[in-house]
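Now for the letters of each chain:
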Amino acid sequence: MTTKLQRPILVGGIGLSFLLWLGNSMASSAAEFGETTLLGTMALGAGIWWLQRLFPKTTPALAPKTIDRQTLDQALAQTETMIEMLNTEAQQSRSPENFTASIAQFQQQRAELTPQLERQNLSIGVMGGKSVGKTVLMKAMSDRGISEYSQPLEWVEIPENQNSLTDCDLVLFLTSGDVTNPEYQTISRLLLQSQRVILVWNKQDQHGQEEQPVILQRIRETMQGLLQPEDVVAIAASPTPVKVRQHQADGSVTEWIEPQEPEILPLIQRLGQILPKEQQSLVWATTYRQAKALQAEIKTGLNQVRREKALPIIEQYQWIAAATAFANPVPALDVLATAAINAQLVIDLGGIYQQKFSLEQGQEVAKTVGSQMLKLGFVELTTQTLTSVLKSNTITFVAGGAVQGASAAYLTRIAGLSLVEYFQTLEMDEESGEFSLNLTTLNQLLKTVFQQNQQLSFLQSFVKQVINHLTPQMQQKQASSSSSAS
């Protein structure tokens, strides 16, 4: 069946052969200076290392995102917009009933966020690595000092590997000594999620009195740029019991082990300063995180709806690419440049994912995707693989252009699916801004999609589909050849 397309097919990837030649030329020139360049690089690296030892690099200050009421209201409004968008697009899908229950649940979750703004109770999470004293600290805090706070407090122990929080208003992050790099990275991620954090150095009693202030200062210096010095406190939730010796009147000596009271006053005092002053902002930040988490769930539903719309469009263009390449066979390395992906496909897919492209922008995106596929070696590998598959069908294989047609269809499919995956990674906020391709993300998605579609069973099935779509043209070409021979 011949597919008619009312819009122009704008071929992307133009000039890729030139790029390949340029890359080879540069590689050849570089080889002439390889030894000199290597020695120079080693010397430069050593010099940089020496300078860094003399002048240590300071950690750039990280500004945690502050959530005010305006930011929160925008997030809540955006959540409602996304629910409405999902509802509208789901109704236009092939199976709207599949999304009815999810949409109702999203609407209920959104409605529950507004009353949360008036709550008075606060939730405090306690997290950290193994054996840092989380459970002991929670018990100590529950037994002492809580009456000082006007807010009801709920204590929650957070699993060690959980880095994303939504329901805790404040986090006590426990460490038993110097902050490790994984701990530093975890705290950084929490702050970027607008999470209020207090770093608690527990078990300070395991060090001498003279060492304790030195270690505390070192931890504060490590966290400079992330946390204020007053948000790093030292405690001993379960101090080491002390051996007590008492001399009796008869000259005998009695000894026993005496438990010590938890040394948690610095933490109690810091919480007493934070909670009354920041209660409203803590609730706002938690509600904001909950709204963002709900948006992520809604986006999953949107991506499902949009993917259902995108797949038929990708299939439409892959068969157009196959027919075009079959009718006008080209050398293997030029398959991508002439038929693998076109600007109109980019524009159509972008429209589904709320990405508006002009004709020129569509051409540029298509060219970029095609260039990356060529650099990754997909074109040559695809041609070689499909050639071996098509050789099993002699009639099809001898019909000139079959390899090019199958390769063009396959590469168009890979490019289209990769763009779908890329659009799904974009945040809602970015959809109204200027579009730009992150080549690192794009390359990773191209590799993943290519690997997922490299199974022999899939390729054999795909080739059969190509043959079915190209059969009318094959028959016409064979008839034309027979006429010419006679």
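What you see is a predicted model, and the numbers here were worked out from it, not measured in a lab. (Residues numbered from 1 in each chain as written. Predicted model: local features only at pLDDT ≥ 70, side-chain atom pairs only at ≥ 80, totals over all residues. Heavy atoms only, no water.)

Asks: Looking at this model, I keep getting lost on the overall build of the chain. Mind explaining?
Replies: When helices and strands are counted, the chain shows 16 helices and seven strands. In the chain, which comprises 486 residues, the share counted as buried stands at 44%. Sequence-distant contacts in the chain: of pairs separated by 6 or more residues, those separated by 24 or more amount to 80%. (Helix = DSSP H or I, 4+ residues; strand = E, 2+ residues; numbered from the N terminus. Buried < 20%, exposed > 50% of the residue type's maximum accessible area, 1.4 Å probe, protein only. Contact = heavy atoms within 4.5 Å.)

Asks: Honestly, the environment of Glu-84 in this entry has me stumped. Any pointers?
Replies: Structurally, the position occupied by Glu-84 is in helix 3 (residues 69-91). Taking the C-alpha atoms as reference points, Glu-84 and Ile-103, 19 residues apart in sequence, are found 8.9 Å from one another.

Asks: Help me understand the confidence of the model for the chain in this model?
Replies: Keep in mind that low pLDDT regions are not for reading the predicted coordinates in detail. When pLDDT is averaged along the chain, the result is 79; 76% of the residues meet or exceed 70. Contacts of residues 1-61 to residues separated by more than four positions or lying in other chains number 44 contacts, the stretch itself having pLDDT below 50. (pLDDT = per-residue confidence, 0-100.)

Asks: Any chance you could explain helix 5 (residues 134-143) here in plain terms?
Replies: Note on helix geometry: an α-helix contains 3.6 residues per turn, so any two residues three or four positions apart are oriented the same way. For helix 5, the complete set of buried residues consists of Lys-134, Leu-137, Met-138, Ala-140 and Met-141. Viewed along the axis of helix 5, the buried residues span an arc of 165 degrees, placing them on a single side of the element. For helix 5, exposure combined with an orientation more than 90 degrees from the buried face picks out Thr-135, Lys-139 and Asp-143. Elements that come into contact with the buried residues of helix 5 comprise strand 1 (122-128), strand 2 (153-157), strand 3 (170-175) and helix 8 (265-327). (Arc of directions from axis to C-beta.)

Asks: It is not clear to me how the packing of aromatic side chains should be interpreted in this structure. Could you clarify?
Replies: Aromatic ring pairs are defined here through the distance separating the ring centres and the angle between the ring planes. Summed over the entire model, instances satisfying the criterion amount to seven aromatic pairs. Pairing Tyr-353 with Phe-423 gives two aromatic rings, centres 5.6 Å apart and planes at 35 degrees, and the pair type is tilted. In this pair, Tyr-353 sits in the loop between helix 10 (343-352) and helix 11 (359-375) while Phe-423 sits in helix 14 (residues 402-425), placing the two residues 70 residues apart along the sequence. Across the pair, Phe-423 and Tyr-353 agree in class, each one buried. An aromatic cluster is defined as three or more aromatic residues linked by ring pairs; in this entry it consists of Trp-319, Phe-378, Tyr-410, Phe-450, Phe-458 and Phe-462. (Phe/Tyr/Trp six-rings, centres within 6.5 Å; stacked < 30°, edge-to-face > 60°.)

Asks: Mind showing me how you'd approach the sheet that holds strand 5 (residues 232-234) here?
Replies: Strand pairing within a sheet occurs via backbone hydrogen bonds; the two strands may be parallel or antiparallel. Overall, parallel pairing links the five strands, which are arranged 2-1-3-4-5 in an open sheet. Bordering the open sheet on either side are strand 2 and strand 5, each of which pairs with just one other strand. Between one strand and the next, the sheet's axes are offset by a mean angle of 25 degrees, whatever the strand orientation. Across five bridges, the pairing between strand 1 and strand 2 is parallel. Each residue of the ladder has a partner; that of Val-126, found in strand 2, is Glu-157. Packed on one face of the sheet, helix 5 meets strand 1, strand 2 and strand 3 and runs near 170 degrees to strand 2. Helix 8 rests against strand 1, strand 2, strand 3, strand 4 (196-201) and strand 5 of the sheet, and its axis sits at about 170 degrees to strand 4. (Pairing = 2+ DSSP bridges. Axes fitted to C-alpha atoms, helices over the stretch in contact; angles between N-to-C directions.)

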